[in-house]
Amino acid sequence: MKNFFAKIGVAIKANKGRTIAISATAFVLVCVIVSLSVLNALLFNRLSKGYVPTDEQLAAIKDDPANQYKRVVIIGVDGVGDYFSKAYTPNFDKMFDTEKNASVTYTGTAVYPTISCENWMAMFHGVRPVYHGFIFKDTNQRVEAGKQTDTEKYPSFIKQYLSQYETGDVLAVCTWRGVNNGIIEDDPRVTKYNTYAEEIYAILNGETEYARTTDKQYQTGYVKDEDGNLILDVVENSKYGEVNAYVEAPIYDDVAGISPLKDYLAAQVMLYGYADETIEMRDAITMQRVIEETVKNPDKYKIAYMHLDQVDHAGHSFGYGKPGYVNAVSRVDMLLGRLYDAYEAAGMLEDTLFVLCTDHGHRLPGGHKNHGKNTDLEVNITFAIAGKTVKKGKLTSRYVDTDMAAVISYALGVKASENWQGRVPYGMFTLLG
Ligand SMILES: [Zn+2]
Ligand SMILES: [Zn+2]
């Protein structure tokens, strides 16, 4: 063996120049391969393919009521990846029926890194993270604290709608406050709610109302006017001081499945002094708020967005695809059923465009109860859209989550921002072909 290495040493010495050349070539090759795969992750497999609708194609929507929707309801489900194809989700299957009027993909592409803020920002503002500027460092915390991208250059599809239509408001109810605080621009026509854990503890404690003073950004909840009537609004601390904000119990009464959950949580609180699954009830309240507001005011909101967060929490607690995770997906499906039933009873199914979207999956195998990398499990995402102008069937063309802004804008007859990188995927709408 010693001889062997000695021989190699002699050989290298004899061919010094050649050895250096081979090593240098190998080094350059490795660098090129690494750079190409990084570029591929960041850019090439995230390039959108699809339509930029022309003015004539938008006019076909604006000029014909048969192609218009009274509202779009967007259900954001954090961290569900492709699990609507795997978990028990009868209501999702009914709402997004590819035999009827829905286009669905489970192999959409999340942008990299597969972190919530990076992806929700890309979905709302139509550009990849290096453009919207929220990448890698404390991004979730930054949007939670109210930091925004350059919304003049990269407006959200919500701002884009508001700037082109003088009527129609926006409702945004979020279990994860990041979207409301930093991703959707503030506007007098946008009503925002964040659903907080404190509300759950108030219910568990049997309180019917309590003052909220905890959040620096907003006090949210049911607010009473001078006559004692409940009005729904976002209340800024600066405007109202610390008073007049109350959360009332009745909103929870009618949520399917909330009673057993309440019992379960109450038992957890009695046993352990706390319950960390309040996220399930917060999602139920988020959904209930969207249903109540939109059914009560069917002509008010053109865009209603909700952000449900329990699936992502389950991914971090139990792991992707574990029973606790799959159950969370089915619980969200139960909430979808409540929305569907309420809209069916109110005769609102026909004139509503439903969208379900997510930001990323989670990472397996092993104990990685997290996400952020570029594995298929984290990158593959669900995108589902159902309505009278949607081309039915499994979506076979590319969908990247930067496309969402372009998709929703087109469906509403809104011209896309020229700075958006997202496109309307081929084969998603009947009028585009
Ligand atoms: Zn997320
Ligand atoms: Zn997460």
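The structure reproduced in this document is the subject of the present report.

Calculation notes
Residues numbered from 1 in each chain as written. Chains lettered and ligands numbered in written order. Predicted model: local features only at pLDDT ≥ 70, side-chain atom pairs only at ≥ 80, totals over all residues. Heavy atoms only, no water. Helix = DSSP H or I, 4+ residues; strand = E, 2+ residues; numbered from the N terminus. Contact = heavy atoms within 4.5 Å. Areas by Shrake-Rupley, 256 points an atom, 1.4 Å probe, with all protein chains shown as cover. Donors = N, O, S within 2.8 Å, 3.2 Å for Na, K, Ca; no water. Tetrahedral: all angles 85-135°; square planar, octahedral: opposite > 155°, others 65-115°. Buried < 20%, exposed > 50% of the residue type's maximum accessible area, 1.4 Å probe, protein only. Core = buried A, V, L, I, M, F, W, Y, C linked by side-chain atoms within 4.5 Å. Phe/Tyr/Trp six-rings, centres within 6.5 Å; stacked < 30°, edge-to-face > 60°. Lys NZ or Arg CZ within 6 Å of the ring centre and 35° of its normal. Salt bridge = Lys/Arg side-chain N within 4 Å of Asp/Glu carboxyl O. Pairing = 2+ DSSP bridges. Polar contact = N/O pair within 3.5 Å; in protein donor to acceptor, adjacent residues only side chain to side chain.

## Things to note about the overall build of the protein chain
Regarding its fold elements, the protein chain presents 18 helices and 11 strands. In the protein chain, the proportion of contacts linking residues at least 24 apart, taken out of those at least 6 apart, comes to 74%. For the protein chain, the accessible surface area stands at approximately 19,500 Å², while carbon and sulfur atoms represent 54% of it.

## Structural notes on the coordination of the zinc ion (ligand 1)
Donor atoms from the polypeptide that bind the zinc ion (ligand 1) are Asp78 (OD), Ser116 (OG), Asp359 (OD) and His360 (NE2), placed at 1.9 to 2.1 Å. The coordination sphere of the zinc ion (ligand 1) comprises 4 donor atoms, whose angles at the metal cover 91 to 124 degrees; the geometry is tetrahedral. Separating the zinc ion (ligand 1) from the zinc ion (ligand 2) is a gap of 4.4 Å. Taken as a pair, Asp78 in the loop between β1 (71-77) and α4 (90-95) and Ser116 in helix α5 (residues 116-125) lie far apart in primary sequence, 38 residues in all. Here Asp78 falls in the buried class, since its relative accessible area comes to 1%. Relative accessible area serves as the criterion here: at 6%, Ser116 is assigned to the buried category.

## Some details on the coordination of the zinc ion (ligand 2)
Protein-derived ligands of the zinc ion (ligand 2) are Asp312 (OD), Asp312 (OD), His316 (NE2) and His371 (NE2), with the metal-ligand distances lying across 2.0 to 2.5 Å. The site at the zinc ion (ligand 2) holds 4 donor atoms, and with the angles between them running 55 to 144 degrees, its shape is irregular. Positions of the donor residues of the zinc ion (ligand 2), expressed as sequence spacing, correspond to D-x3-H-x54-H. Residue Asp312 is classed as buried on the basis of its relative accessible area of 8%.

## So, the nonpolar core
If you look at the biggest cluster of nonpolar residues, it comprises 50 residues, and the most contacted ones within it are Phe124, Phe157 and Phe429. Element by element, the count of residues in this core is highest for helix α18 (residues 404-411), at 7 residues. Contact partners of Phe124, with chain neighbours within four places excluded, come to Pro155, Ser156, Phe157, Ile158, Val179, Ile183, Ile184, Tyr305, Met404 and Ala405. Formed by 42 residues, the second largest nonpolar core is a distinct cluster that contains Phe92, Leu171, Met287 and Val311.

## A word on the packing of aromatic side chains
Summed over the entire model, instances satisfying the criterion amount to 15 aromatic pairs. On the numbers, 6.3 Å between centres and 80 degrees between planes, the contact of Tyr112 with Phe136 is edge-to-face. Of this pair, Tyr112 sits in the loop between β2 (102-109) and α5 while Phe136 sits in the loop between α6 (129-132) and α7 (139-144), placing them 24 residues apart in sequence. Given a relative accessible area of 23%, Tyr112 falls into the partly exposed group. Phe136 sits in the exposed class, given a relative accessible area of 52%. Connected via pairs of aromatic rings, a cluster forms that spans Phe84, Phe92, Phe96 and Tyr106. Over the ring of Tyr83 we find Lys86; its NZ or CZ atom is 4.8 Å from the centre of that ring. Over the ring of Tyr69 we find Lys388, and its NZ or CZ is 5.6 Å from the ring centre.

## Here we look at the pattern of salt bridges
Per the counting criterion, the structure on display carries 11 salt bridges. The partner of Lys86 in a salt bridge is Asp82, with the nearest N and O atoms 3.2 Å apart. Its relative accessible area of 11% is what places Asp82 among the buried residues. Lys159 serves as the salt-bridge partner of Glu152, at 3.0 Å between the closest nitrogen and oxygen. Residue Glu152 is classed as exposed on the basis of its relative accessible area, which comes to 65%. Taking relative accessible area as the criterion, Lys159 reaches 25% and is therefore assigned partly exposed.

## Considering unusual backbone geometry
Residue Pro113 is reached from Tyr112 by a cis peptide bond, and omega for that bond is 0 degrees. By secondary structure assignment, the location of Pro113 is in the loop between β2 and α5. With a phi angle near 70 degrees, Phe136 is a residue other than glycine that sits in the positive phi range. The backbone of Asp138 shows a phi angle near 50 degrees, a positive value even though the residue is not glycine. Along the chain, Asp138 turns up in the loop between α6 and α7.

## Digging into the sheet that holds strand β8 (residues 301-308)
Two strands in a sheet stick together by hydrogen bonds in their backbones, pointing the same way (parallel) or opposite ways (antiparallel). The 8 strands are arranged β4-β3-β8-β1-β9-β10-β2-β11 in an open sheet whose pairing can be described as mixed. At either end of the open sheet lies a strand with only one pairing partner, and these are β4 (190-194) and β11 (393-394). Here strand β3 (residues 169-174) pairs with β8 via 6 bridges, running parallel. Of the residues in β8, the one forming a bridge with Ala172 is Tyr305.

## A word on the side chain of Thr286
Along the polypeptide, Thr286 turns up in helix α14 (residues 278-296). Given the relative accessible area of 0%, Thr286 is considered buried. Of note is the side chain of Thr286, whose polar atom sits 2.8 Å from the side chain of Thr175. Here Thr286 is in contact with Val173, Cys174, Thr175, Thr195, Met306, His307 and Leu308, once residues within four sequence places are set aside.

## Focus on the environment of Thr382
Within the fold, Thr382 resides in strand β10 (residues 380-386). We classify Thr382 as buried; its relative accessible area is 0%. C-alpha separation for the pair Thr382 and Leu356, spaced 26 residues apart in sequence, amounts to 7.7 Å. A distance of 2.7 Å separates the side chain of Thr382 from the backbone oxygen of Gly81, its partner in a polar contact.

## Quick word on helix α15 (residues 310-318)
The α-helix advances 3.6 residues per turn, and as a result positions three or four apart in sequence lie on the same side. Every buried residue of α15 is listed here: Gln310, Val311, Asp312, Ala314 and Gly315. Where α15 is buried, its residues contact β1, α14, β8 and α16 (323-345). Once α15 finishes, Gly319 follows within two positions and takes phi at roughly 105 degrees, a positive value.

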